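# Architecture and fold: a report
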Amino acid sequence: MTVAGWVIALAFVLAFSGAVVQGIIGFGMGVLAIPILSLADPGLVPVAGIVGSVAMPVIALIDEHRHLDWRVVAWVVLGFIPATALGVWVVKVLPTETLQAAIAGVVLVMVALSLVRVSVPNNRLSLLVSGLISGTSGTAAGIGGPPIAIVLADQPPPMVRATLATTFIFGTVISLTGLAVGGVLTTNAVGVGLIMIPATILGMLVARRLRGKVNRQGFRLGVLVLSSVAAVTLLVQALV
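## Let's talk about the packing of helix H2 (residues 29-40) against helix H6 (residues 96-115)
Interaxial distance between H2 and H6 falls to 10 Å at its minimum, and their mutual angle equals 155°. As far as their axial angle goes, H6 and H2 are roughly antiparallel. Of the two possible hands of crossing, H2 and H6 adopt the one that is left-handed. Taken together, the residues of H6 that come into contact with H2 (itself represented by Val31, Ile34, Pro35 and Ser38) are Gln100, Ile103, Val107 and Val111. Looking at the contact of H2 with H6 residue by residue, the classes come out as six nonpolar, two polar and no charged.

## Let's talk about the packing of helix H4 (residues 55-64) against helix H9 (residues 157-181)
Between two packed helices, both the angle of their axes relative to each other and the distance between the axes serve to describe the pair. Packing of H4 against H9 brings their axes to within 8 Å, and their N-to-C directions diverge by 140°. Classified by the angle between their axes, H4 and H9 sit oblique to one another. For the crossing formed where H4 meets H9, the hand is left-handed. Residues Pro57, Val58, Ala60, Leu61 and Glu64 of H4 touch H9, and the partners they reach there are Pro158, Arg161, Ala162, Ala165, Thr166, Phe168 and Ile169. Split into classes, the residues belonging to the contact of H4 with H9 amount to nine nonpolar, one polar and two charged.

## A closer look at the environment of isoleucine 103
Considering the arrangement of structural elements, one finds isoleucine 103 in helix H6. Owing to a relative accessible area of 1%, isoleucine 103 belongs among the buried residues under this scheme. Note: C-alpha distance between isoleucine 103 and proline 46 (57 residues apart in sequence) is 9.3 Å. Every residue in contact with isoleucine 103, bar those within four places of it in the chain, is listed here: Ile34, Ser38, Val45, Ala141 and Leu234.

## Quick notes on helix H7 (residues 124-141)
In this model H7 runs 25 Å from its N-terminal to its C-terminal C-alpha over 18 residues, within 8% of the 26 Å that 1.5 Å per residue would give. Of all the residues in H7, the buried ones are Ser126, Leu127, Ser130, Gly131, Ser134, Gly135, Ser137, Gly138, Thr139, Ala140 and Ala141. Two to three positions downstream of the cap, the backbone nitrogen of leucine 125 sits 3.2 Å from a side-chain oxygen, assigning the N-cap of H7 to asparagine 123. Just downstream of H7 lies glycine 142, where phi reads positive at about 75°.

## Considering a nonpolar patch on the surface
On the surface, Leu115, Val116, Leu221, Val225 and Val229 cluster together to form a nonpolar patch covering roughly 450 Å² of accessible area. Note that valine 229 resides in helix H11 (residues 216-239).

## A short note on H9
Since the α-helix packs 3.6 residues into each turn, any two residues three or four apart lie on the same face. In a regular helix each residue adds 1.5 Å, so 25 residues correspond to 36 Å; H9 covers 35 Å between its end C-alpha atoms and thus fits that length. Immediately downstream of H9, the backbone of glycine 183 shows phi near 75°, a positive value.

## Concerning the pattern of salt bridges
Applying the stated criterion to the full structure yields two salt bridges. Linking aspartate 63 and arginine 208 is a salt bridge whose minimum nitrogen-to-oxygen distance equals 2.7 Å. With aspartate 63 in helix H4 and arginine 208 in helix H10 (residues 187-210), this residue pair connects regions lying 145 residues apart in the sequence. In this structure arginine 208 comes out as partly exposed when scored by relative accessible area, which is 38%. A salt bridge links glutamate 64 to arginine 161, with the shortest nitrogen-to-oxygen separation between them at 2.8 Å.

Definitions and limits used
Residues numbered from 1 in each chain as written. Predicted model: local features only at pLDDT ≥ 70, side-chain atom pairs only at ≥ 80, totals over all residues. Heavy atoms only, no water. Axes fitted to C-alpha atoms, helices over the stretch in contact; angles between N-to-C directions. Helix = DSSP H or I, 4+ residues; strand = E, 2+ residues; numbered from the N terminus. Parallel < 35°, antiparallel > 145°, perpendicular 65-115°, else oblique. Left-handed = near helix turned anticlockwise from the far one by under 90°. Contact = heavy atoms within 4.5 Å. Nonpolar A, V, L, I, M, F, W, Y, C, P; charged D, E, K, R; others polar. Buried < 20%, exposed > 50% of the residue type's maximum accessible area, 1.4 Å probe, protein only. Expected span 1.5 Å × (residues − 1). Polar contact = N/O pair within 3.5 Å; in protein donor to acceptor, adjacent residues only side chain to side chain. Patch = residues over 30% accessible without salt bridge, like charges linked within 9 Å, V, L, I, M, F, W, Y side chains within 5 Å. Areas by Shrake-Rupley, 256 points an atom, 1.4 Å probe, with all protein chains shown as cover. Salt bridge = Lys/Arg side-chain N within 4 Å of Asp/Glu carboxyl O.

Written out as structure tokens, the structure is:
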């Protein structure tokens, strides 16, 4: 079955918007784009979002590689690996409506965690646990940034963006490998994801210009509100 033209256009717009957000605050592509894309075509999630995001962390890392913390990356990725299997199982086993409800729930939890000031120590255990949570939600729903960002909340923004970007690169490879082995990848989802890549590159270039010129906190709050509305809508659709 082919993907409707309006869905492809929507995916392109979501990829651009999500890349601008992620380029400014370090995460947000999944939280913003995935619930809306799932509303439009559930069959595209999470694969299209994961494939469409591959260029963003590479660009972010090129921009700010000097601030990368490999210690953080190592412990987070160690958590990714076993969690990916659980994420693949969720995508493979859950019915569409249940998966949509799960995605909506993940988004709302991530938004809540992003709004509440939680003091989490930056140590090996917290990083490993954040990797486990991020690996599961990233593979199953295409949303993995907030758990890691919470642990790094007190770190300088360039370090957070560079380190998140590197964990996203490893996470993307691990998640797509797991989804491929699990037989969950579809031609439609991969194709739409590839179409989204140029939009994410353009969005990251725009984010370079806007970074430092926008009210970061106000912008972040607006993104979280929009994501919450999309998640609630998705949840209602899944439950009705």
